[in-house]
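Inside the fold
What follows is the residue order along each chain.
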Amino acid sequence: METTRGAERQRTAAERRRRELLEAADRVVLRDGPQASMNAIAAEAGITKPILYRHFGDKGGLYRALAQRHTDALLNALRAALDAPARRRERVEATLDTYLAAIEARPQVYRFLMHPSDDAAPSPEQGFDVGRHSAPLLRRLGEELGTVIAERVDLGPDSEQTARIWGHGIVGMMHAAGDWWLGERPFPREQLVRSLADLLWGRLAAAGDLPGGPGF
């Protein structure tokens, strides 16, 4: 029994330490964006780089942990927007705005997750191989959104397959349009939200909610 309690304490301490290290990594990412390095993160956490590797394996492991942390938070926010007591058009706009507001509020985090460093030198201490990992992150968002659509909207025959197509298509649209807009800021976010909602509104406006579902 004592052995079990000891193992549980060790596991809890390890989880707490991992969370602290991710928070230190977040601070470096907010400061350095895609140029964040393992050296800088270790220094921010007050540890040596080998200890950082012990927790995450390598830079890819740390990147994946940070990506999951931010993707989980974004998905929770998107679900909250979809569940808001409002008409469908308003919820569509709120969902688009939630994504765009998130990348606008923390552009350095977005660039870290989605863009390799433009200034990265060949040295392994410079930056993260972000391009190799960003596609799985977008696929996860697309699958999650497709599941939400399948659970809520009656799209007729092949509804589940259509919902997956829509999920990945909407995420691709948000990502591409948001990436361009964040770089140039040619007009207010609200205008981009309205224009993207207009693009989506055709068949989505005509589709009915699934009986007994939470609605969309």
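So, here's what we can say about the structure. Owing to the predicted nature of the structure, the values given are computational and were not obtained by experimental measurement.

Looking at the overall build of the protein
- When you go through the protein residue by residue, the secondary structure sums to nine helices and two strands.
- Ordered by position from the N terminus, the helices and strands of the protein form the series α-α-α-α-α-α-α-β-α-α-β.
- In terms of overall dimensions, the protein has a C-alpha envelope of 55 × 55 × 30 Å along the principal axes.
- Out of the 216 residues in the protein, the part that is buried amounts to 40%.
- For the protein, the share of sequence-separated contacts (at least 6 apart) that also reach a separation of at least 24 residues comes to 70%.
- Counting every atom, the protein has about 11600 Å² of accessible surface; 52% of that belongs to carbon and sulfur.

Notes on the environment of histidine 168
- By secondary structure assignment, the location of histidine 168 is in helix α8 (residues 159-184).
- Its relative accessible area of 30% is what places histidine 168 among the partly exposed residues.
- Through-space distance from the C-alpha of histidine 168 to that of leucine 145 is 7.5 Å; in sequence the pair is 23 residues apart.
- If we skip the residues at most four places from it in the chain, histidine 168 touches Arg139, Gly142 and Glu143.
- At a separation of 2.9 Å, a polar atom in the side chain of histidine 168 contacts the side chain of glutamate 143.

A few points about the pattern of salt bridges
- One pass over the structure, following the stated rule, counts 16 salt bridges.
- Across the pair arginine 89 and aspartate 198 runs a salt bridge, and its minimum N-O distance is 2.8 Å. Within this pair, whereas arginine 89 is found in helix α5 (residues 88-105), its partner aspartate 198 is found in helix α9 (residues 189-206), the two being separated by 109 residues in sequence.
- Overall, arginine 89 belongs to the partly exposed group, its relative accessible area being 23%.
- One salt-bridge network, held together by shared partners, links Arg27, Arg31, Asp32 and Glu44.

A word on unusual backbone geometry
- Of note in the backbone geometry, aspartate 158 takes a positive phi value of approximately 60° without being a glycine.
- Tracing the sequence through the fold places aspartate 158 in the loop between β1 (153-154) and α8.
- Of note in this structure, arginine 185 is not a glycine but carries a positive phi near 45°.
- Along the chain, arginine 185 falls in the loop between α8 and α9.

Some thoughts on the packing of aromatic side chains
- In this structure the tally under the stated criterion is two aromatic pairs.
- With 5.5 Å between their ring centres and 45° between their planes, tyrosine 63 and phenylalanine 112 make a pair best called tilted. Of this pair, tyrosine 63 sits in helix α4 (residues 59-82) while phenylalanine 112 sits in helix α6 (residues 107-114); the two residues are 49 residues apart in sequence, bridging distant segments of the chain.
- Overall, the relative accessible area of 1% leaves phenylalanine 112 in the buried class.
- Sitting above the plane of the tryptophan 201 ring, arginine 89 keeps its charged end 5.6 Å from the centroid.
- Sitting over the face of the ring of tryptophan 181, arginine 185 holds its NZ or CZ atom 5.3 Å from the ring centroid.

Side note on the side chain of arginine 88
- Position of arginine 88 relative to the elements: it lies in helix α5.
- Taking relative accessible area as the criterion, arginine 88 reaches 13% and is therefore assigned buried.
- Reaching out from arginine 88, the side chain makes a polar contact with the side chain of aspartate 209 at a distance of 2.6 Å.

Re the side chain of arginine 189
- With respect to the helices and strands, arginine 189 occurs in helix α9.
- For arginine 189, a relative accessible area of 17% puts it in the buried group.
- If we skip the residues at most four places from it in the chain, arginine 189 touches Asp97, Leu100, Ala101, Glu104 and Trp181.

Each value, and the rule that gives it
- Residues numbered from 1 in each chain as written.
- Predicted model: local features only at pLDDT ≥ 70, side-chain atom pairs only at ≥ 80, totals over all residues.
- Heavy atoms only, no water.
- Helix = DSSP H or I, 4+ residues; strand = E, 2+ residues; numbered from the N terminus.
- Buried < 20%, exposed > 50% of the residue type's maximum accessible area, 1.4 Å probe, protein only.
- Contact = heavy atoms within 4.5 Å.
- Areas by Shrake-Rupley, 256 points an atom, 1.4 Å probe, with all protein chains shown as cover.
- Polar contact = N/O pair within 3.5 Å; in protein donor to acceptor, adjacent residues only side chain to side chain.
- Salt bridge = Lys/Arg side-chain N within 4 Å of Asp/Glu carboxyl O.
- Phe/Tyr/Trp six-rings, centres within 6.5 Å; stacked < 30°, edge-to-face > 60°.
- Lys NZ or Arg CZ within 6 Å of the ring centre and 35° of its normal.

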